[in-house]
Amino acid sequence: MLLAARTAAVLTAVTSLVAVAPLGTAGAVTPPNPDVAAAPPDGPPGPEGPMRKNGACVVGGVLPNSDLAKTPPPLTALQIEQAHKFSTGAGVIVAVIDTGVRPQPRLPGMIAGGDYVDPASGANGFEDCEGHGTIVAGIIGAAPAPTDGLIGVAPNAQILAIRQTSLAYMPENQSSNPDDPNQSRTAGDIRTLARAIVHAANMGARVINISVVSCVKVTTPIDQAMLGGALKYATEVKDALVVAAAGNVNSAVDSGAGNQNCKSNPDADPTRPDDPRNWGGVTVVSTPSWFDDLVLSVGFVSPEGARAENTMSGPWVDVAAPGSGIVSLSSSGEGVINGVPGEEAGLVPIAGTSFAAAYVSGTAALLRSRFPQMSAREVATRIITTAHAPARGVDNAVGRGLIDPVAALTYDIPVDGAPEVTVQAAELSLPAPPPPPDSAPKWTAAIVIGALSALVVAVLIVVAATGVRRRQ
């Protein structure tokens, strides 16, 4: 009977995933096709079941020999000071669905969005045991201070803080059936993420940053219909732009980001026009990023634009942003940090796709403030289209390439209809290249000048010859 029950549970899980994204050959997936009707109802934030604190909270610090008075390298690379001449994100609410956000003077006007981990604490999203969400929020919206070079990408945006996960907490009751992937903690995290997305959208978030990642093997599928419905609701019903971290392949990188069972997928295959980004080769799904048409997925590069070896590859990655050289706010409630506790003693630099996603969310807030009439999809298309493409045009690690906030804010990019949030849709929106210069006028001028020159030379020869004959 137990074997039969387990078999039925696994079959149910597979059937559920097929409803979201039909599986082809073994180990292959196609982009999901979610149904907004599957979105969960909005309600009071809280976990699926009782949680207990299972670990101590951590606080980041400053790495040795750091000069925090300097502008952080990512801000220089993205020309944020220049971008602020056009927008600072005023009037835009950015939801940070993460490990919570610690309130502090440099995040004025923060909004309490709820707690899906420990609502009994009363923090309502304003507690951050890992410091991860506070770092993300600082990148997006930190106000400047005379003590250091940090400023948020959108310093006048409002942060909506939602604690959706915490590695310091564990479910009190473990799964009664360990062979059912839908009873795992990852599945529970996906379901609470769906509820948090609906809640954030209903609270007026124009941009929703999700820097917590769950990775799921294609061979061990989890029912994600609820998450797909939530994303479709946020994007299409509430017109919110969802920005998500692509994921990291090294658990020592970006350790506060949640599930770290992430492995890179094969790169794009230009020889397969029927599957140019190689969905058929996917072995591990990064969620929520894999909901390709609804999520702006972000990979991680250095401030100089070099691809990071730890960024997770997949056909859903749209753009990249700096994910190292990070300086942001401390979860102690004051001061700035550039290091977090490592797996061993001491601090390590802050790095990962979580923070790259925050730079993109900040850029989206700038755009939504400058162009309030633009839809979420139009904003995504503008960000993708103005990115600096890699040599092959599209790459499964960095998508269309490094974002360019100034170009996104200033270029004249015609966008028609409701484009998909994908690299391909943005490419279709590129302005037509200017026609090649008309060379006919140049050739005509050259011929006329040549003819006149020849005539002048001929006249000079005749005049010279006549003068010689007269002297004789």
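Not measured: the values here are computed from a predicted model. (Residues numbered from 1 in each chain as written. Predicted model: local features only at pLDDT ≥ 70, side-chain atom pairs only at ≥ 80, totals over all residues. Heavy atoms only, no water.)

**Considering the packing of helix H7 (residues 353-370) against helix H8 (residues 376-385)**
- Between H7 and H8, the shortest axis-to-axis distance is 10 Å and the interhelical angle comes to 120 degrees. Here H7 is positioned oblique relative to H8, judged by the angle of their axes. Between H7 and H8 the crossing geometry is right-handed. Along its contact with H7, which presents Val 360, Thr 363, Ala 364, Leu 367 and Arg 368, the element H8 presents Ala 376, Val 379, Arg 382 and Ile 383.
- For the contact of H7 with H8, the per-class residue count stands at six nonpolar, one polar and two charged. (Axes fitted to C-alpha atoms, helices over the stretch in contact; angles between N-to-C directions. Helix = DSSP H or I, 4+ residues; strand = E, 2+ residues; numbered from the N terminus. Parallel < 35°, antiparallel > 145°, perpendicular 65-115°, else oblique. Left-handed = near helix turned anticlockwise from the far one by under 90°. Contact = heavy atoms within 4.5 Å. Nonpolar A, V, L, I, M, F, W, Y, C, P; charged D, E, K, R; others polar.)

**Quick notes on the state of the cysteines**
- As enumerated under the stated definition, the model contains two disulfides in all.
- Two residues share a disulfide in this structure: Cys 57 and Cys 129, whose sulfurs sit 1.7 Å from each other. Linking Cys 57 and Cys 129, the disulfide has an S-S dihedral of approximately -85 degrees and is accordingly described as left-handed. Of the two residues, Cys 57 sits in the loop between strand S1 (51-53) and helix H2 (73-77) while Cys 129 sits in the loop between strand S3 (111-115) and helix H4 (132-141), which places them 72 residues apart along the sequence.
- The exposure class of Cys 57 is partly exposed, given its relative accessible area of 38%.
- In this model, Cys 215 is linked to Cys 262 through a disulfide, with the two sulfur atoms separated by 2.0 Å. One disulfide, between Cys 215 and Cys 262, carries an S-S torsion of 90 degrees and so falls in the right-handed class. Taken as a pair, Cys 215 in strand S7 (residues 214-217) and Cys 262 in the loop between strand S8 (241-245) and strand S9 (284-287) lie far apart in primary sequence, 47 residues in all. (Disulfide = S-S within 2.5 Å. Buried < 20%, exposed > 50% of the residue type's maximum accessible area, 1.4 Å probe, protein only.)

**Here we look at the confidence of the model for the protein**
- Scored by pLDDT, the protein has a mean of 86; 82% of the residues are at 70 or more.
- Per-residue pLDDT stays below 50 along residues 1-26; that stretch engages in 27 contacts with residues further than four places along the chain or on separate chains. (pLDDT = per-residue confidence, 0-100.)

**Concerning the side chain of Asn 182**
- Along the chain, Asn 182 turns up in the loop between strand S5 (169-171) and helix H5 (185-202).
- Of the polar contacts made by the side chain of Asn 182, one reaches the backbone nitrogen of Asp 223; its length is 2.8 Å. (Polar contact = N/O pair within 3.5 Å; in protein donor to acceptor, adjacent residues only side chain to side chain.)

**Here we look at H4**
- Summarising burial for H4: ten of the ten residues are buried, a large majority.
- What H4 keeps buried is the set His 132, Gly 133, Thr 134, Ile 135, Val 136, Ala 137, Gly 138, Ile 139, Ile 140 and Gly 141.

**Quick word on the UniProt feature "active site" (unreviewed entry) in the protein**
- Feature annotation in UniProt assigns "active site" (unreviewed entry) to the following positions: Asp 98, His 132 and Ser 354. Across 257 residues in sequence, these annotated residues keep their C-alpha atoms within 9.8 Å of one another, forming a single compact spot.
- Here His 132 shows up in helix H4.
- Examined against the element boundaries, Ser 354 turns out to sit in helix H7. (UniProt positions renumbered as here; feature names shortened; annotations may be inferred.)

**Some thoughts on the nonpolar core**
- Ile 97, Ile 197, Ile 208, Ile 210, Leu 296 and Val 360 are the most contacted members of the largest nonpolar core, which has 119 residues in total.
- The contact partners of Leu 296, leaving out residues within four places of it in the chain, are Leu 241, Val 242, Val 243, Ala 244, Asp 318, Val 360, Ala 380, Ile 383, Ile 384 and Val 421. (Core = buried A, V, L, I, M, F, W, Y, C linked by side-chain atoms within 4.5 Å.)

**Considerations on the packing of aromatic side chains**
- Under the definition given, this model contains two aromatic pairs.
- Ring geometry for Trp 279 and Trp 316: centres 5.5 Å apart, planes at 70 degrees, overall edge-to-face. Of this pair, Trp 279 sits in the loop between S8 and S9 while Trp 316 is found in the loop between strand S10 (295-301) and strand S11 (317-322), placing the two residues 37 residues apart along the sequence. When sorted by exposure, Trp 279 lands in the same class as Trp 316, which is buried. (Phe/Tyr/Trp six-rings, centres within 6.5 Å; stacked < 30°, edge-to-face > 60°.)

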